[in-house]
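Listed below are the residues making up each chain.
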Amino acid sequence: MAHAGHHHDDDDGLDDGATPDPHAVRAMLRAAGLRPTRQRVALADLLYARGDRHISAEQLYDEAQVAKVPVSLATIYNTLHQFTEAGLLREVAIDGTKTYFDTNTSDHHHFFIEGENAVYDIPSTSVGIGRLPEPPEGMEIVRVDVVVRLRPKQI
């Protein structure tokens, strides 16, 4: 019974709401082809410690400051883009002005609440895409991102 509470059914080494196991974080980075530098490991800890979420570079920078991770905003942007290219994050662009990084890389869509700048997952089964255009010559469709914009009902 020495390992009680240490068993993971999903076996990704990450407990929702708990601090990720640093060995699991390093293994995840290595598996994605990224060298587990101290900064990458520290930022991955912040990103994945709370289960699936949507975070902007600025929000991650603020969290890094609070957690005393010595890192510049430029490094945060570089790291988020490296994680995205490696398949560890998904970029969600809203209006081309605000970019969020999603720790859930599965196929799904998003609600965006105007005025709050909040992004929430919509299960892919809740959205049906009827017809997709034929991609231009030599191109293929990678994925379809649907952003459903919300606001409180106007009275």
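> Explain the overall build of the protein here, please?
When its secondary structure is counted, the protein shows 4 helices and 6 strands. Here the protein holds 155 residues, and 35% of them are scored as buried. Sequence-distant contacts in the protein: of pairs separated by 6 or more residues, those separated by 24 or more amount to 42%.

> Hey, could you run me through the side chain of His54 in this one?
Mapped onto the secondary structure, His54 falls in strand S1 (residues 54-55). His54 sits in the buried class, given a relative accessible area of 18%. Here the side chain of His54 touches Val119 through a polar contact of 3.1 Å, landing on its backbone oxygen. Within the local environment of His54, its side chain forms a polar contact with the side chain of Asp121, the two groups lying 2.7 Å apart. Not counting residues up to four positions away in its chain, the partners in contact with His54 are Gln59, Tyr100, Phe101, Asp102, His110, Val119, Tyr120 and Asp121.

> Just to check I follow, could you spell out the sheet that holds strand S5 (residues 118-123) for this structure?
Note: strands within a sheet are paired through backbone hydrogen bonds, in either parallel or antiparallel orientation. The mixed open sheet is built from 3 strands, whose spatial order is S5-S4-S6. Every interior strand has two partners, whereas the edge strands, S5 and strand S6 (147-150), have only one. Taken pair by pair, the neighbouring strands of this sheet meet at an average axis angle of 25°, ignoring direction. The pairing of strand S4 (residues 108-113) with S5 spans 6 bridges and is antiparallel. By the bridge assignment for S5, His108 is matched with Pro123.

> What should I look at first to understand the pattern of salt bridges in this one?
Note that side chains of opposite charge can pair when their charged atoms are close. For the structure on display, the rule yields 5 salt bridges. When the shortest N-O distance is used, the salt bridge between Asp145 and Arg143 registers 2.9 Å. Assessed through its relative accessible area of 37%, Arg143 is described here as partly exposed. Each of the salt bridges in this network shares a partner with another, and the network as a whole consists of Arg50, Arg53 and Glu63.

> Explanation requested: the sheet that holds strand S3 (residues 98-102) in the structure shown.
With antiparallel pairing, 3 strands are arranged side by side in an open sheet as S1-S3-S2. Two strands in the sheet have a free side with no partner beyond their single neighbour: S1 and strand S2 (90-94). Here S1 runs beside S3; their pairing, made up of 2 bridges, is antiparallel. Residue His54 lies in a different strand from S3, and its bridge partner there is Asp102.

> Looking at this structure, I do not really get the pairing of S4. What am I missing?
It is a general feature of regular strands that their side chains alternate between the two faces of the sheet. Along S4, 5 of the 6 residues are buried, which leaves the element largely enclosed by surrounding structure. Counting the residues that bridge the hairpin from S4 to S5 gives 4 residues, and of these Gly115 lies at a positive phi of roughly 85°.

> Can you walk me through the nonpolar core in this structure?
Taken as a class, soluble globular proteins show a tendency for nonpolar side chains to be buried jointly. Leu47, Tyr48, Leu60, Ile76, Leu80 and Phe83 are the most contacted members of the largest nonpolar core, which totals 23 residues. For this core, the secondary structure elements donating two or more residues are helix H1 (22-31), helix H2 (38-48), helix H3 (57-66) and helix H4 (73-85). Ranked by residue count, the leading element in this core is H2, at 7 residues. With residues up to four places along the chain from it excluded, the contact list for Leu80 reads Leu47, Ala57, Leu60, Leu89 and Phe101. Ranked by size, the runner-up nonpolar core spans 5 residues in total, among them Val92, Ile94, Tyr100 and Val119.

Analysis parameters
- Residues numbered from 1 in each chain as written.
- Predicted model: local features only at pLDDT ≥ 70, side-chain atom pairs only at ≥ 80, totals over all residues.
- Heavy atoms only, no water.
- Helix = DSSP H or I, 4+ residues; strand = E, 2+ residues; numbered from the N terminus.
- Buried < 20%, exposed > 50% of the residue type's maximum accessible area, 1.4 Å probe, protein only.
- Contact = heavy atoms within 4.5 Å.
- Polar contact = N/O pair within 3.5 Å; in protein donor to acceptor, adjacent residues only side chain to side chain.
- Pairing = 2+ DSSP bridges.
- Axes fitted to C-alpha atoms, helices over the stretch in contact; angles between N-to-C directions.
- Salt bridge = Lys/Arg side-chain N within 4 Å of Asp/Glu carboxyl O.
- Core = buried A, V, L, I, M, F, W, Y, C linked by side-chain atoms within 4.5 Å.

Shape is all these values report; function is a separate question.
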